[in-house]
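Chain by chain, the residues run as shown.
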Amino acid sequence: MSMRITILCDNSVGPISGTLGEHGFAALIERVTDEPILFDTGQGFTLLHNAARMKKELAVVSKVVISHGHYDHVGGLMPLLKDFGGVEVFAHDGIFASRHRIKDTGECYPIGIPFEKSAYETAGATFNLSTAFREISPGIMLTGEVPRVTAFEKGDQGLYCDCSGQEPDATPDDQSLVIETDKGLVILLGCCHAGLVNTLEHIAYQIGRRDLYAVIGGTHLGFCGQEQLDKSIDALKKTGIRKLAVSHCTGFAAAARLSRELPKEFQMAMVGYTLDI
Ligand SMILES: [Fe+2]
Ligand SMILES: [Fe+2]
């Protein structure tokens, strides 16, 4: 084994005693030859607790990726900084934008990043922001902004820039992580607001590889329409994917469907899930 990916935060928990769930996502990538990378931080209620329960030493993490600026992915950054000090934070510069969810009932909730950029910097964050596809560590790349090219990936229709409901938020800051391994590509998703097929096509365009080994994380298929789910499954089946470990914003109904359609590949990436490569 040269690498281990462990889910630290998710909506659901596995069998590790004392770990806690929250609506959010975080995964730790540990490697034998290079530094660890923390991908997302959850809401902030469970990251430090779950890491301690699983004996994961977050004090040695110096690189943190924020997949996008929603509270359930960036909320754990401040607690992490307060406990362990400075880290380099890789993200898209749109993570600081104002964003809201408007429910069918008309209720409006802020769902953006909880603090100003300067507050994170005061706490020890150094932001490394870019919209470009880039390598952030040997063999590990961030997608940058993902072009929305498929007609069927309409995304989450409940997201807006403010409570007026006039300006839909397509979450342009959404990025995924690409890890090159001997077995093929391993893709870590935060919420995948850009769409799974858009994301996979963008990765193929950027690095000329389609040998997909694993997809892990939030697919957001639970917040999208039936057509998007159907066509995403069709596309996934054509990739030759070996492990599909979904969680977070995938939701029960979409996860159940994925489990039926890809029974050998499907797993739930709940807190404590690990993938060794
Ligand atoms: Fe999310
Ligand atoms: Fe999100």
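This text goes with the structure placed above it.
**Q** Help me out: how do you make sense of the overall build of the protein in this one?
**A** For the protein, the count of helices and strands is seven helices and 17 strands. Rg of the C-alpha trace for the protein: 17 Å, near the compact-globule value of 19 Å for 277 residues, within the 12% margin. A principal-axis box enclosing the C-alpha atoms of the protein has dimensions of 50 × 45 × 35 Å. Within the protein, counting contacts between residues at least 6 apart in sequence, those at least 24 apart form 72% of the total. When the accessible surface of the protein is totalled, it reaches about 11,600 Å², and 51% of it is carbon and sulfur. Computing the positive centroid from 25 side-chain charges and the negative centroid from 34, the protein places the two 7 Å apart.

**Q** I keep staring at the pattern of salt bridges and nothing clicks. Help me out?
**A** Pairs can form between side chains of opposite charge once their charged atoms are near each other. Tallied over the full model, the rule gives 16 salt bridges. For arginine 99, the salt bridge goes to aspartate 173, with nearest N and O atoms at 2.9 Å. Here arginine 99 is found in the loop between strand 5 (87–91) and strand 6 (100–102), whereas its partner aspartate 173 is found in the loop between strand 11 (159–160) and strand 12 (177–181), with 74 residues between them in sequence. A relative accessible area of 3% means that arginine 99 is categorised as buried. Taking the relative accessible area as the measure of exposure, aspartate 173 reaches 0% and is therefore buried. Among the ionic pairs, arginine 209 bridges to glutamate 180, the shortest N-O distance being 3.1 Å. Placement of arginine 209 in the loop between helix 5 (196–207) and strand 14 (212–218) and of glutamate 180 in strand 12 is noted, with a sequence separation of 29 residues between them. Owing to a relative accessible area of 22%, arginine 209 belongs among the partly exposed residues under this scheme.

**Q** Hey, could you run me through the coordination of the iron ion (ligand 2) in this one?
**A** Six octahedral donors around a metal ideally subtend angles of 90 or 180 degrees, whereas four tetrahedral donors ideally subtend 109.5 degrees. Distances from the iron ion (ligand 2) to its protein donors, namely His68 (NE2), His70 (ND1), Cys191 (SG) and His193 (NE2), fall within the range 2.2 to 2.6 Å. Taken together, the four donor atoms surrounding the iron ion (ligand 2) define angles of 89 to 173° at the centre, an arrangement classified as irregular. Donor residues for the iron ion (ligand 2), ordered by position in the chain, follow H-x1-H-x120-C-x1-H. A spacing of 3.4 Å is found between the iron ion (ligand 2) and the iron ion (ligand 1), which share cysteine 191 as a donor. Taken together, the positions of histidine 68 in the loop between strand 4 (63–65) and helix 2 (71–74) and histidine 193 in the loop between strand 13 (184–189) and helix 5 put the pair 125 residues apart, joining distant regions of the chain. Accessibility expressed as a relative area gives 7% for histidine 193, which makes it buried.

**Q** What is the right way to look at helix 5 in this model?
**A** An α-helix turns once every 3.6 residues. As a result, residues three or four positions apart point the same way. With twelve residues, helix 5 ought to run about 16 Å at 1.5 Å a step, and its terminal C-alpha atoms sit 17 Å apart, in line with that. When we look at burial in helix 5, the residues that qualify are Leu196, Val197, Asn198, Thr199, Leu200, His202, Ile203 and Ala204. Within two residues after helix 5, glycine 208 carries a phi angle of roughly 65°, on the positive side.

**Q** Got a minute to help me understand the environment of valine 149 in this structure?
**A** Tracing the chain through its elements places valine 149 in the loop between strand 10 (140–142) and strand 11. In the structure, valine 149 is positioned 51 residues away from serine 98 in sequence and 25 Å away in space, judged by C-alpha atoms.

**Q** Which parts of the structure should I look at to understand the packing of aromatic side chains?
**A** Each aromatic ring pair is characterised by the separation of its centres together with the angle its planes make. Enumeration according to the criterion identifies four aromatic pairs in this entry. Relative to phenylalanine 127, the ring of phenylalanine 96 has its centre 5.2 Å away and its plane inclined at 80°; by these criteria the two rings are edge-to-face. Of this pair, phenylalanine 96 sits in the loop between strand 5 and strand 6 while phenylalanine 127 sits in strand 8 (residues 125–129); the two residues are 31 residues apart in sequence, bridging distant segments of the chain. Residue class for phenylalanine 127 comes out buried when judged on its relative accessible area of 14%. Pairing phenylalanine 115 with tyrosine 120 gives two aromatic rings, centres 5.7 Å apart and planes at 85°, and the pair type is edge-to-face. Since its relative accessible area comes to 39%, phenylalanine 115 is described here as partly exposed. Three or more aromatic residues joined by ring pairs form one cluster here, namely Phe96, Phe115, Tyr120 and Phe127.

**Q** Explain the state of the cysteines here, please?
**A** Structurally, a disulfide amounts to a covalent bond that connects the sulfur atoms of two cysteines. Scanning the model with the defined rule gives one disulfide in all. Between cysteine 108 and cysteine 163 runs a disulfide, and the two sulfur atoms are separated by 1.9 Å. Taking the torsion about the sulfur-sulfur bond, which here is approximately -85°, the covalent link between cysteine 108 and cysteine 163 counts as left-handed. Taken together, the residues cysteine 108 in strand 7 (residues 108–110) and cysteine 163 in the loop between strand 11 and strand 12 connect sequence positions 55 residues apart. The cysteine cysteine 224 is free of any disulfide, with cysteine 249 supplying the nearest cysteine sulfur at 8.4 Å. Take cysteine 249: it sits in no disulfide, and the sulfur closest to it among the cysteines is that of cysteine 191, at 3.7 Å.

Calculation criteria
- Residue numbers run consecutively from 1 along every chain, following the written order of its sequence.
- For naming, the first written chain is A and the first written ligand is 1, with later ones following in the order written.
- Predicted model: local features are reported for residues with pLDDT of at least 70 only, side-chain atom pairs are reported and counted for 80 or more only, and whole-chain, interface and lining totals are derived from all residues.
- Each side-chain value is worked out from all heavy atoms of the structure, with water and hydrogens disregarded.
- The helix and strand labels rest on DSSP assignments: H or I over at least four residues marks a helix, E over at least two residues marks a strand, and numbering proceeds from the N terminus.
- To get the radius of gyration, use the C-alpha atoms; to get the globule rule, take the number of residues to the power 0.38 and multiply by 2.2 Å.
- Should any heavy atoms of two residues lie within 4.5 Å, those residues are considered in contact.
- For the accessible areas, the method is Shrake-Rupley and the probe is 1.4 Å, while residue cover comes only from the protein chains on display.
- Charged residues are defined here as Lys and Arg on the positive side and Asp and Glu on the negative side; His and the ends of the chain fall outside this count.
- By convention, the charge on Lys lies at NZ, on Arg at CZ, on Asp at CG and on Glu at CD.
- By definition, a salt bridge exists where a carboxyl oxygen of Asp or Glu is found within 4 Å of a side-chain nitrogen of Lys or Arg.
- The buried label goes to any residue with under 20% of its type's maximum accessible area, the exposed label to any with over 50%, and the partly exposed label to all in between, with areas taken from a 1.4 Å probe on protein chains only.
- Water is not among the atoms examined, so metal sites may look incomplete; donors are the N, O and S atoms within 2.8 Å of the metal, or within 3.2 Å for Na, K and Ca.
- Labels for metal geometry use angle windows, namely 85 to 135 degrees for all angles of a four-donor tetrahedral site, and for square planar (four donors) or octahedral (six donors) sites opposite donors over 155 degrees apart plus all others within 65 to 115; sites meeting none of these are irregular.
- In this analysis, the expected span of each helix is defined as 1.5 Å times one less than the number of residues it contains.
- Pairing of aromatic rings covers Phe, Tyr and the six-membered ring of Trp, with a centre-to-centre limit of 6.5 Å; geometry is then stacked below 30 degrees between planes, edge-to-face above 60, and tilted otherwise.
- Disulfide assignment relies on a single distance test, namely cysteine sulfur atoms paired within 2.5 Å.

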